[in-house]
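If you want the building blocks of each chain, they are given just below.
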Amino acid sequence: VLLESRHYLKDPSSFEEEKLLQALKNTNPYLLREYEEDDTEADSLTEAIETAKAISVRVKINGMIPEAGNIRDILASAVNECSTNTKKHADGDTLTVTAEEKDGAFIFTLTGNGEPPEKDTENSDAAPRKTVRENGGLASLRTLVENAGGSMEIKTDEAFTVIVKMKK
């Protein structure tokens, strides 16, 4: 909601006001929930999926994911970042997460639908590639993954895809 509000304030004519109002309506009940609710046992991945839902992005998970622990928390951070990017940059509404175990590692492939990143027209010597600036949230996600001993790869061939590999 903050990102959408910022975008609206920067350039109101290019933004649908109704879209922002709907996002606010979806988010307010989440933010204003009862104080008696116990947050201490909240699951980070469940919260990430609920946050995505609040910005009208559905998260589909295929495969088995860890039930608890640091790897699940890292996946939750990836879902937060990728669902936000799906909505903000691609105007998409679905984030698909595919989880698999292979060679002693968890591999999470997160793919958003919507408009793919634009092709890079400045680099004429090489084949056209699609540009994604890895700053802000993506840079933070990479740091989180690498500090935990994992690796992260970004692909933009057909759709925006983030692949996170974490050793068990």
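Everything here concerns the structure above.
Residues numbered from 1 in each chain as written. Predicted model: local features only at pLDDT ≥ 70, side-chain atom pairs only at ≥ 80, totals over all residues. Heavy atoms only, no water.

## Some details on the overall build of the protein
Reasoning step 1: Within the protein, the regular secondary structure consists of 5 helices and 5 strands.
Reasoning step 2: Start at the N end of the protein and walk to the C end: the helices and strands fall as α-α-α-β-α-β-β-α-β-β.
Reasoning step 3: Within the protein, buried positions represent 33% of all 168 residues.
Reasoning step 4: Nonlocal contacts in the protein, meaning residues at least 24 apart in sequence, comprise 54% of its contacts between residues at least 6 apart.
Reasoning step 5: Accessible area for the protein stands at about 10800 Å²; split by element, carbon and sulfur atoms hold 48% of it. (Helix = DSSP H or I, 4+ residues; strand = E, 2+ residues; numbered from the N terminus. Buried < 20%, exposed > 50% of the residue type's maximum accessible area, 1.4 Å probe, protein only. Contact = heavy atoms within 4.5 Å. Areas by Shrake-Rupley, 256 points an atom, 1.4 Å probe, with all protein chains shown as cover.)

## Overview of the pairing of strand β2 (residues 94–102)
Reasoning step 1: Here 5 bridges tie strand β1 (residues 58–62) to β2, and the two strands are oriented parallel to one another. Residue R58 lies in a different strand from β2, and its bridge partner there is T94.
Reasoning step 2: This β-α-β element, β1 to helix α4 (residues 70–90) to β2, shows left-handed connectivity.
Reasoning step 3: Note: β2 against strand β3 (residues 105–112), 8 bridges, orientation antiparallel. By the bridge assignment, L95 is partnered in β3 with G112.
Reasoning step 4: Connecting β2 to the antiparallel partner β3 that follows it, the hairpin turn spans 2 residues, and D103 within it adopts a positive phi of roughly 50°. (Pairing = 2+ DSSP bridges. Right-handed = clockwise from strand over helix to strand, strands pointing away.)

## Some words on the packing of aromatic side chains
Reasoning step 1: Within this structure, the stated rule accounts for 1 aromatic pair.
Reasoning step 2: Here K168 stacks its cationic end above the ring of F106, 5.7 Å away from the centre of that ring. (Phe/Tyr/Trp six-rings, centres within 6.5 Å; stacked < 30°, edge-to-face > 60°. Lys NZ or Arg CZ within 6 Å of the ring centre and 35° of its normal.)

## Describing the sheet that holds β2
Reasoning step 1: Pairing in this open sheet of 5 strands is mixed, and the strands run β1-β2-β3-β5-β4 from one edge to the other. The open sheet has two edge strands with one neighbour each: β1 and β4 (151–155). Averaged over all pairs of adjacent strands, the angle between their axes in this sheet comes to 15°, without regard to strand direction.
Reasoning step 2: Along the sheet, helix α5 (residues 137–147) contacts β4 and β5 (161–167); its crossing angle with β4, the most-contacted strand, is approximately 145°. (Axes fitted to C-alpha atoms, helices over the stretch in contact; angles between N-to-C directions.)

## Structural notes on the environment of G114
Reasoning step 1: Here G114 is to be found in the loop between β3 and α5.
Reasoning step 2: Note: C-alpha distance between G114 and H89 (25 residues apart in sequence) is 8.6 Å.
Reasoning step 3: In this view, G114 contacts A90 and G92; residues no more than four positions away in its chain are not counted.

## Considering the pattern of salt bridges
Reasoning step 1: Applying the stated criterion across every chain, the model contains 3 salt bridges.
Reasoning step 2: Put simply, R72 and D43 hold a salt bridge, and the shortest N to O gap is 2.8 Å. On the criterion of sequence distance, the pair formed by R72 in helix α4 and D43 in the loop between α2 (17–31) and α3 (44–54) is long-range, its members being 29 residues apart.
Reasoning step 3: Assessed through its relative accessible area of 23%, D43 is described here as partly exposed.
Reasoning step 4: Across the pair E146 and R142 runs a salt bridge, and its minimum N-O distance is 3.4 Å. One end of the pair is E146 and the other is R142, both in helix α5 and 4 residues apart, which spans about a single turn. (Salt bridge = Lys/Arg side-chain N within 4 Å of Asp/Glu carboxyl O.)

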